[in-house]
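Residue-level structural notes
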Amino acid sequence: MTKESILDAELDELRRLLERVDISEGDLIPLMQEAINNWTPDDLNNDVGEVVTVGDGIATVKGLKEVKYGEILLFARGVRGMVQELKPGIAGCILFGDDRKITSGSLVKRTKKTAAMPVGENFLGRVVNALGAPIDGYGKIEAESFRRIESPAPTIIERQPVNKPMETGLLAIDSMFPIGRGQRELIIGDRQTGKTAIALDTIVNQKGKDVICIYVAIGQKASSVAQLTENLKKRGALKYTIIVAATAADSAPLQYLAPYSGTALGEYFMRKGNDVLIVYDDLSKHAIAYRTLSLMLERSPGREAYPGDVFYLHSRLLERSAHLSDAEGGGSMTALPIVETQAGDVSAYIPTNVISITDGQIFLESSLFFSGQRPAVNVGISVSRVGGDAQTKAMKKASGGMKLSLAVHREMEVFTQFSSDLDESTKAQLQFGQGLMRMLRQRQYHPYSQTEQVILLTAAMHHVMQPVAIDKIDEFCKGLLEYAPEAMPEVIAEIESTGKLSDEHQQKIITEAKKFRDKMFPSEG
Ligand code: ATP
Ligand code: MG
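Below is a short write-up of the structure. Here the structure is a predicted model, which means the values were calculated and not measured.

Considerations on the overall build of the chain
For the chain, the count of helices and strands is 17 helices and 16 strands. For 525 residues, the compact-globule estimate of 2.2 N^0.38 gives 24 Å, and the C-alpha radius of gyration of the chain, at 32 Å, exceeds that figure by more than 25%. Principal-axis analysis of the C-alpha atoms gives the chain an extent of 125 × 50 × 40 Å. Across the 525 residues of the chain, 51% fall into the buried class. A fraction of 73% describes how many contacts in the chain between residues 6 or more apart in sequence connect residues 24 or more apart.

Right, here's the structure in full:
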């Protein structure tokens, strides 16, 4: 058959068709013209796509042409997901529900919205998951509004310097590494060195101080979270606390999301003018969850197999803590991120990243912890970069010279370790340092008030404690604090109301402490 004969056959076929519908060939032209004039581009449906692969809390979808990074997608059977990876023709997303409910080939719909967290006063005292749903069994939480889980940090104009103290109630921290409201102070140390304990003590110490606390648990055992909730409740601290938990049993996407959800809750209160304290326990596990989902999204691994943007993962989180300017309501959000190290190695990837983001770190050491020095703060390498401005005058005056004395003590301890015959002044110096270290020991859930700290520090730094035997220091501190209210009420009143300590009052503390010592510990005196 030639080309012409095929064309003729086609035309014949067309004529036959036209006869059947009773239209002549001449009428066809205007009909075609009309069709062309009225033609509009087809409304291609780009809002519904199809799942390509699914598994391990991750799904890849195709057919969503204009889908955006961070957008929430709706899958079959109510499962939601968030777009985390955009490749040509394919979007990778993390799932917030049971991934067994969807299969490859099932439909997925765009929502054109980004993830949001329900927020409101009713969340206080509750335990919620990374999506804001209650998991404590006390029923539904009535939210006031929603806040975006990812939102930009306050701008420079919106901020003011850190100038109010956020007291931890721990002598070792408040005296030497003071934390200010709006600061980010890292708590770093090996496993089982009392990291969580410091954060919990700080939460318990906020009782009656009008601070909202948020504790974000990432990748912990559900039983630990339950125990911690119970502990806070027992000490009356749950009333002003919200616990956001993504436990080890939750999927990597939920663990990844939890700190941002907690921060969204914190921002709600901060923007209302409240002071907020947020604890992220811990960011090492957060980074690991992020690594897991990044590898499953087929992003290329970098150092320690973390993806390239793991610094941004934590910087964009911690930058949201701030002290807002008075024009913005003057609220603040103080962050206490926790990072776990392996064998004290602070130069690993995640520790160095978070150290460089935060405004200081409290370094906890296993050897100190096991020798009974708890909280096990390593005074040598812990720092607080902005909190000094937040310390009250009384505290500054009382704790002056403390860090230096302890540094001298550490050095001397090393030198004198092996020598037996020490001169009197060296011995005295050593004993002074040991006494200070002993004073810094503090039981869990026994915070000191600011005034108590000032009294103890003043007595210690003026060598009142020096003659007291090391194993009696505890008793001395306890006794002195019980004795103080009746011995020097005017001093306590002044510190509490003005935050200042006059020379005269300082002298009063010293004389009273001496009097107390001579009465209670006569042989040593
Ligand atoms: P993990 O690595 O498991 O998270 P962690 O570093 O958070 O551990 P914690 O759980 O806070 O450590 O503390 C470990 C143990 O030490 C707990 O049993 C806790 O009660 C105890 N502990 C912590 N601080 C003190 C303290 N100041 N005095 C007495 N015991 C303490
Ligand atoms: Mg812990």
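Alright, that's what it looks like, and here's the rest.
Considerations on the sheet that holds strand β15 (residues 360–364)
The eight strands lie next to each other as β8-β12-β11-β13-β14-β10-β15-β16, forming an open sheet whose pairing is mixed. Each end of this open sheet is capped by a strand with a single partner; those strands are β8 (127–128) and β16 (383–384). Where β8 lies against strand β12 (residues 241–246), two bridges are found, and the strand directions are parallel. From the neighbouring strand, Val128 faces β12, where its bridge partner is Val244. Helix-sheet contacts for helix α7 (residues 283–296) involve β11 (211–218), β13 (275–281) and β14 (332–340), and the interaxial angle to β14 is about 75°.

Things to note about the packing of aromatic side chains
A full pass over the atoms with the stated rule returns nine aromatic pairs. Here Tyr256 and Tyr290 contribute two aromatic rings whose centre-to-centre distance is 5.2 Å and whose plane-to-plane angle is 20°, an arrangement assigned as stacked. In this pair, Tyr256 sits in helix α6 (residues 252–271) while Tyr290 sits in helix α7, placing the two residues 34 residues apart along the sequence. Owing to a relative accessible area of 1%, Tyr256 belongs among the buried residues under this scheme.

Description of helix α15 (residues 473–487)
Here α15 spans 20 Å end to end across 15 residues, near enough to the 21 Å set by a 1.5 Å rise per residue. Burial in α15 covers these residues: Ile473, Phe476, Cys477, Gly479, Leu480, Leu481, Tyr483, Ala484 and Ala487. Those residues of α15 that are buried lie in contact with α13 (424–440), α14 (450–461), α16 (489–498) and α17 (503–520).

Remarks on unusual backbone geometry
For the bond from Asp281 to Asp282, the omega torsion is -5°, close enough to zero to count as cis. Mapped onto the secondary structure, Asp282 falls in the loop between β13 and α7. A cis amide bond links Arg374 with the next residue in sequence, Pro375, at an omega value of -5°. Here Pro375 lies in the loop between α10 (366–370) and β16. One non-glycine residue, Glu298, lies in positive phi territory at about 65°. Here Glu298 lies in the loop between α7 and α8 (310–318). Of note, Ala305 is a non-glycine position whose phi angle comes to about 65°, a positive value. Considering the arrangement of structural elements, one finds Ala305 in the loop between α7 and α8.

The rules behind the values
- Residues numbered from 1 in each chain as written.
- Chains lettered and ligands numbered in written order.
- Predicted model: local features only at pLDDT ≥ 70, side-chain atom pairs only at ≥ 80, totals over all residues.
- Heavy atoms only, no water.
- Helix = DSSP H or I, 4+ residues; strand = E, 2+ residues; numbered from the N terminus.
- Rg over C-alpha atoms; globule rule 2.2 N^0.38 Å.
- Buried < 20%, exposed > 50% of the residue type's maximum accessible area, 1.4 Å probe, protein only.
- Contact = heavy atoms within 4.5 Å.
- Pairing = 2+ DSSP bridges.
- Axes fitted to C-alpha atoms, helices over the stretch in contact; angles between N-to-C directions.
- Phe/Tyr/Trp six-rings, centres within 6.5 Å; stacked < 30°, edge-to-face > 60°.
- Expected span 1.5 Å × (residues − 1).

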